[in-house]
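Understanding the architecture of this molecule
What follows is each chain in one-letter form.
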2 protein chains.
Amino acid sequence: MEIIGFIAATLTTAAFLPQVYKTWKTKDVSALSLPMLLMFFVGVFIWLIYGYYKNSPSMIVANAITLCSAFLLIYFKIKYAKTP
Amino acid sequence: MEIIGFIAATLTTAAFLPQVYKTWKTKDVSALSLPMLLMFFVGVFIWLIYGYYKNSPSMIVANAITLCSAFLLIYFKIKYAKTP
């Protein structure tokens, strides 16, 4: 049954990578909202804790990877943000 | 403990709504990739099934809402896509 979680984890985390790559290449962060990214980052971190309590390896792995993706997007947003 | 899941669910699903709203208002779908959206949609659907097996109400609710968000983005992508 844990295999279902890992299939889901692969699909949803892989769907995030093109966004990270695109932002890294284009340095275009105009479409990204910092409050939204921070909210997402905290949310994923809490999912990670929840996955730990639920004894769910797939949730822990998926959210750990997504946490890195979200962290990179926050880093790009701050680094490439233009003053208006 | 389920409260932790609901806090996480609120944060991560809420982080998606501005994207849906923005796409709806601007009709700008150039940044969205259809294969990525489809992969994400299927992934979230499988998380929903996994949440059911894990007896996790917060995972079921979170993924059901995110599934609607992803469906709307796919709909917008197809509706507003320009021929190159």
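Residues numbered from 1 in each chain as written. Chains lettered and ligands numbered in written order. Predicted model: local features only at pLDDT ≥ 70, side-chain atom pairs only at ≥ 80, totals over all residues. Heavy atoms only, no water.

As annotated in an unreviewed UniProt entry, chain A carries the name Glutathione synthetase and is attributed to Confluentibacter flavum. Taken from UniProt, the Subcellular location (unreviewed entry) comment for chain A reads in full: "Membrane". (UniProt positions renumbered as here; feature names shortened; annotations may be inferred.)

With that out of the way, let us pick up the side chain of Ser56(B). Take Ser56(B): it is sitting in the loop between helix H3 (34-53) and helix H4 (57-80). At 3.1 Å, the side chain of Ser56(B) and the backbone nitrogen of Met59(B) are in polar contact. Setting aside anything within four residues of it in sequence, one finds Ser56(B) in contact with Tyr50(A), Lys54(A), Glu2(B) and Gly51(B). (Helix = DSSP H or I, 4+ residues; strand = E, 2+ residues; numbered from the N terminus. Polar contact = N/O pair within 3.5 Å; in protein donor to acceptor, adjacent residues only side chain to side chain. Contact = heavy atoms within 4.5 Å.)

All right, on to the UniProt feature "transmembrane region" (unreviewed entry) in chain A then. Residues and elements named next belong to chain A. Here the UniProt-annotated "transmembrane region" (unreviewed entry) positions come out as residues 32-53 and 60-78. As annotated, residues 32-53 has a helix share of 91% and a strand share of 0%, and its two end C-alpha atoms lie 31 Å apart. A distance of 27 Å separates the end C-alpha atoms of residues 60-78, which is 100% helix and 0% strand.

Moving on, we get to the packing of aromatic side chains. The description of two aromatic rings rests on the distance between their centres and on the angle between their planes. All names here are of chain B. As enumerated under the stated definition, the model contains 15 aromatic pairs over all chains in all. Ring plane angle 75° and centroid distance 5.6 Å describe the contact between Trp 47 and Tyr 50, whose orientation is recorded as edge-to-face. One end of the pair is Trp 47 and the other is Tyr 50, both in helix H3 and three residues apart, which spans about a single turn. Each member of the pair, Trp 47 as well as Tyr 50, carries the same accessibility label: buried. Taken together, a centroid distance of 6.0 Å and an interplanar angle of 55° make the contact between Tyr 75 and Phe 76 tilted. Exposure remark for Tyr 75: the relative accessible area of 42% places this residue in the partly exposed category. (Phe/Tyr/Trp six-rings, centres within 6.5 Å; stacked < 30°, edge-to-face > 60°. Buried < 20%, exposed > 50% of the residue type's maximum accessible area, 1.4 Å probe, protein only.)

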